[in-house]
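# Topology and contacts: notes
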Amino acid sequence: MPLGEVLYGEVKDYDRNKPQFDIDGYLKSIGEFGSYQKRFFVLLVFLAVIDGFIVVFTVITSTAPDHYCRSYQNETYNPRTNTLLCESLPTEENETCQTVGQCQRLVDSDGNVTIGECDLGWVYDQSVYHSTPVTEWNLVCDKLWQRQVSKTVHMLGRPIGAFLIGVLANKYGSKPVLFVNVLLLVCAGLLAVTVQSFPVFATAQFVTGSTGSLVNIGLIYVTELVGPSKRGTVGLLYYLGYPIAAMFLSSVAFFVKDWRLLGIILCVIYSFALSYMWIIPESVRWLLAHNRGEEAKTILLRAAVVNKATLSVDKLAEVNRLQTATTSENYSQKTYGLMDIAKKPVLKKTVLNMCLQWSVTYAVYIGLSTNTDFLAGHDLLNMFLTGLAEVPALTLTVLFLDKIGRKTTSLCGYIVAGIALALVAIIPEGNNNLVVGIAVTGKFGISVVFAVVCLYTTELIPTPVRQVGVGLCSAFGRISAALTPMLFALGEIYWWPLPYVLFSSALCCGAMFLCTLPETTGKDLPQTMEDGEEFLSREGSGCICSWFGSSYQRCELNTPPTHVILANQSDTIRHEDATAV
């Protein structure tokens, strides 16, 4: 820790606003990623897996298998060639066998063959799914909009849940909010797979979507749990939960073809996370920020014991003083929120920038993840491949993140994804395998950006508003993701590469704004609002001349140089004054 700082202008000492306990320093002394952190990391990754299951299950329930009008009762699906279609099905006006109406059928009345509506229902291809909500409620033809609405309603629930979870976790802590969140997820999941009404199903989908932000709780906990040098690696490994979920669930769905049974299996899996209420401790940083030093002390000492670390006398004394420190004026009972972010000009701009980053990243990531049914080929295989593409993406990111930094890594992902998705527009129609390959490449690039941006956000926002700040960014991201089903629907109607071109343009915009953010690699997490504002101002303006001493101050350029005080000197002066008194 530096001892002081030579500044031009007014000298400001932020020590009065900084917590007296250095959590990152303590983590370095007991092990930045020891046995204690590893145990809870494995448990927390399960939250990312759960959110991945939610996303993939939404894709499965909104998928429409190949279908055509039923000509007679008990008709079974039979893949139809152009010859068979010419002989048995009507064709669209001015077309040959290439385009056949799926919402019409031939009606033979006394030898007169006419075109009629699908009054007998539809025959569905059951080779991939035996049943889905689409096949049960016939969400095709004139009900096609309901299929898109069910997916959009689910996506709209996610930003609302992200914001509420962030606000509530910031006020009441992660543990109770996580427990209620998982309980709602299990109840809504069971309701969705047992009802016989589509409106009730759509409502359950909305609630399920609102619970998906439990992944943010896990991410924040992971980044606060480990030391600065391990934060990047652990934060990225956390997001391996998504490809694990995509590959696992698509494999299970290959054998469990009934969507209701699959949903019940998932609810049983979700319920294991209810035990986290009694297994995982509360965030130490949150406890210290909310005047609960005794609980924080117990957790910190437990971590040292599990990691088999030997604490120095001074470090042990610091931990034992937590009860006293948190009752001092350095720790107020104030609950921070969005208005506190708005009062800090540099932090406000940074949070708005991150809202843009999440909006772009989430739209592309979720768009490529949840709309695999628009790609040619086997739905489940496409789902598996897009999940598989994330594994090498995250692996390479882990290897280079701490070497080249958060910004450079994100920019590389932006470039790969932007170029790949732009290429889709110039591929001649009919090259289905090439389109799938390029889409998977785009998923590779956006997976890098997605994981880094989420980690980046937790490192830029200070502890008092970290939950609510991440929740706000996540809400913006999920709102943009909610629009992607409609984008793909427009592409299906007008020009199929349309969503990919829009994605590529958005990625270019996101990359430009990303360049304005400070680098956080290897830096301690900001613990107070002043910490966060000072760090963002310093890294952005570059007006710091030198570092000395145990405290730091911010440049004030509106005042001419008056005097220079080193922090260690001021500490001595304060000590001498106290002695004199």
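Computed from a predicted model, the values in this text were never measured in an experiment.

With the rule as written, the count across this model stands at 18 aromatic pairs. Geometrically, the ring pair formed by W137 and F201 is tilted, given 5.6 Å between the ring centres and 45° between the ring planes. Residue W137 is found in the loop between α4 (133-136) and α5 (144-172), and its partner F201 is found in helix α7 (residues 198-210); the two are separated by 64 residues along the sequence. The pair W137 / F201 is uniform in exposure class, with both members buried. Measuring from centroid to centroid gives 4.1 Å for Y365 and F450, while their planes differ by 5°, and the two rings are stacked. Taken together, the residues span a long stretch of sequence, with Y365 in helix α18 (residues 345-370) and F450 in helix α20 (residues 432-460) at a distance of 85 residues.

Moving on, we get to the confidence of the model for the protein chain. Summary statistics for the protein chain give a mean pLDDT of 75 and a share of 78% for residues scoring 70 or more. Here residues 1-19 scores under 50 on pLDDT; set against residues more than four positions off or in separate chains, the count is 76 contacts. In the predicted structure, residues 82-100 sits below a pLDDT of 50 and forms 26 contacts with residues beyond four places in sequence or in another chain.

Moving on: the side chain of S359. Here S359 shows up in helix α18. Among the polar contacts listed, one links the side chain of S359 to the backbone oxygen of F476, at a separation of 3.5 Å.

Between helix α8 (residues 214-225) and helix α21 (residues 466-482), the shortest axis-to-axis distance is 10 Å and the interhelical angle comes to 135°. Comparing their axes, α21 and α8 come out oblique. Two packed elements cross with a definite hand, and for α8 against α21 that hand is right-handed. Of the residues in α21, those in contact with V215, N216, I220 and E224 of α8 are R466, Q467, V470, S474 and R478. Class assignment of the residues belonging to the contact of α8 with α21 gives a composition of three nonpolar, three polar and three charged.

Core analysis: the biggest nonpolar cluster contains 141 residues, and Y238 and Y239 have the highest contact counts within it. Element by element, the count of residues in this core is highest for helix α2 (residues 35-61), at 16 residues. Discounting chain neighbours no more than four positions away, the residues touching Y238 are F41, L44, V45, L47, A48, L214, V215, G218, L219 and V222.

The α-helix advances 3.6 residues per turn, and as a result positions three or four apart in sequence lie on the same side. Between its first and last C-alpha, α2 extends 40 Å over 27 residues, near the 39 Å set by a 1.5 Å rise per residue. Buried residues dominate α2, accounting for 22 of its 27 residues.

All right, on to unusual backbone geometry then. The backbone of N138 sits at a positive phi, close to 50°, despite the residue not being glycine. Relative to the elements of secondary structure, N138 occurs in the loop between α4 and α5. Look at N138 and you get partly exposed, because its relative accessible area is 24%. Even without being glycine, K308 reaches a positive phi, approximately 55°. Following the sequence through the fold, K308 ends up in the loop between α14 (293-306) and α15 (313-320). Accessibility expressed as a relative area gives 76% for K308, which makes it exposed.

Conventions used here
Residues numbered from 1 in each chain as written. Predicted model: local features only at pLDDT ≥ 70, side-chain atom pairs only at ≥ 80, totals over all residues. Heavy atoms only, no water. Phe/Tyr/Trp six-rings, centres within 6.5 Å; stacked < 30°, edge-to-face > 60°. Helix = DSSP H or I, 4+ residues; strand = E, 2+ residues; numbered from the N terminus. Buried < 20%, exposed > 50% of the residue type's maximum accessible area, 1.4 Å probe, protein only. pLDDT = per-residue confidence, 0-100. Contact = heavy atoms within 4.5 Å. Polar contact = N/O pair within 3.5 Å; in protein donor to acceptor, adjacent residues only side chain to side chain. Axes fitted to C-alpha atoms, helices over the stretch in contact; angles between N-to-C directions. Parallel < 35°, antiparallel > 145°, perpendicular 65-115°, else oblique. Left-handed = near helix turned anticlockwise from the far one by under 90°. Nonpolar A, V, L, I, M, F, W, Y, C, P; charged D, E, K, R; others polar. Core = buried A, V, L, I, M, F, W, Y, C linked by side-chain atoms within 4.5 Å. Expected span 1.5 Å × (residues − 1).

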